[in-house]
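# Summary of structural features
Each chain, written out:
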Amino acid sequence: MVVTCPWYFFDATALDKIKPGRMPEDDAFTDKEKRLLCRFCLYPITDNSQKTTQQGRFVHCRTNPAGFTFEFGCYADAPGCSTAGEATTEHTWFPGHSWKLAACRSCGEHLGWLFKGDTSFYGLIQDRLVQEE
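The paragraphs below set out a description of the structure included in this document. From a predicted model like this one, the values you see are computed outputs, not experimental measurements. (Residues numbered from 1 in each chain as written. Predicted model: local features only at pLDDT ≥ 70, side-chain atom pairs only at ≥ 80, totals over all residues. Heavy atoms only, no water.)

### Description of the sheet that holds strand 3 (residues 35-38)
Applied cut-off: By this definition, two strands are paired if DSSP reports at least two bridges between them. The helix and strand labels rest on DSSP assignments: H or I over at least four residues marks a helix, E over at least two residues marks a strand, and numbering proceeds from the N terminus. Here an angle of 0 to 180 degrees is reported between the N-to-C directions of two axes, which are lines fitted to C-alpha atoms, with helices fitted over the stretch in contact.
Here three strands make up an open sheet; going across it, the order is 4-3-11 and the pairing antiparallel. Two strands close off the open sheet at either side, each with one partner strand: strand 4 (44-47) and strand 11 (129-131). Direction aside, neighbouring strands of the sheet carry axes that sit 35° apart on average.

### Thoughts on the pattern of salt bridges
We count it as follows: The salt bridge criterion pairs a side-chain nitrogen of Lys or Arg with a carboxyl oxygen of Asp or Glu, the two atoms within 4 Å. With a 1.4 Å probe rolled over the protein chains alone, any residue whose accessible area is under 20% of its type maximum counts as buried; one over 50% counts as exposed, and the rest are partly exposed.
One pass over the full model with this rule turns up one salt bridge. Across the salt bridge formed by arginine 35 and glutamate 132, the nearest N and O atoms sit 2.7 Å from each other. Here glutamate 132 lies in the segment after strand 11 and arginine 35 lies in strand 3, a separation of 97 residues in the sequence. Residue classification places arginine 35 among the buried positions, given a relative accessible area of 15%.

### Brief notes about the sheet that holds strand 7 (residues 81-88)
Strands sit in the order 5-6-10-9-8-7 across an open sheet of six strands; the sheet is antiparallel. The sheet is open, and its two edges are formed by strand 5 (59-63) and strand 7, each paired on a single side. In this sheet, neighbouring strand axes are inclined to one another by 30° on average, regardless of whether the strands run parallel or antiparallel. Relative to strand 9 (residues 110-116), strand 8 (residues 98-104) runs antiparallel, the two sharing six bridges. By the bridge assignment for strand 9, alanine 102 is matched with glycine 112.

### Brief notes about the packing of aromatic side chains
Test applied: Pairing of aromatic side chains here covers Phe, Tyr and the six-membered ring of Trp, requires ring centres within 6.5 Å, and sorts the geometry by plane angle: under 30 degrees stacked, over 60 edge-to-face, intermediate tilted.
In total, this model carries 10 aromatic pairs according to the counting rule given. Pairing phenylalanine 72 with tryptophan 113 gives two aromatic rings, centres 5.7 Å apart and planes at 70°, and the pair type is edge-to-face. Placement of phenylalanine 72 in strand 6 (residues 69-75) and of tryptophan 113 in strand 9 is noted, with a sequence separation of 41 residues between them. Neither phenylalanine 72 nor tryptophan 113 differs from the other in exposure class; each is buried. Judged by centre distance (5.1 Å) and plane angle (80°), the rings of tryptophan 93 and tryptophan 113 are edge-to-face. One end of the pair, tryptophan 93, is in the loop between strand 7 and strand 8; the other, tryptophan 113, is in strand 9, with 20 residues separating them in the sequence. Across this residue pair, the class does not change: tryptophan 93 and tryptophan 113 are buried.

Set out below in structure tokens:
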């Protein structure tokens with residue numbers, strides 16, 4: 001079954017195949033007091049020390065072919081994410097990079113994308129993350 005996704009069209013079973021993972025170990029996060037959590041279930045996703053830049057910026061605002069606009073930040077790693085679907089270069093926002101969906105390991109909510117090319121990074125939708133208190 002194909003459904004409209006905020007990024008593109010994808011097999012709806014891709015996100016269903018994400019298996020809940022165990023909680024990332026505390027040592028997976030180098031900046032524990034600044035962890036970023038899934039807004040939906042408060043599962044730890046990454047931390048501020050993982051922020052990176054692509055095309056000279058941390059934050060990007062892009063619109064997909066379906067007309068949905070996202071503001072996302074770039075992170076070198078996101079241990080709290082699982083990826084789903086086949087990697088594709090179709091409609092990529094970063095030339096030379098393929099992408100696949102990234103979701104919360106705990107609740108399965110779509111949090112962004114994993115981009116792979118000469119460098120790999122996660123593009124995580126900013127309003128789907130909250131900073132740990």
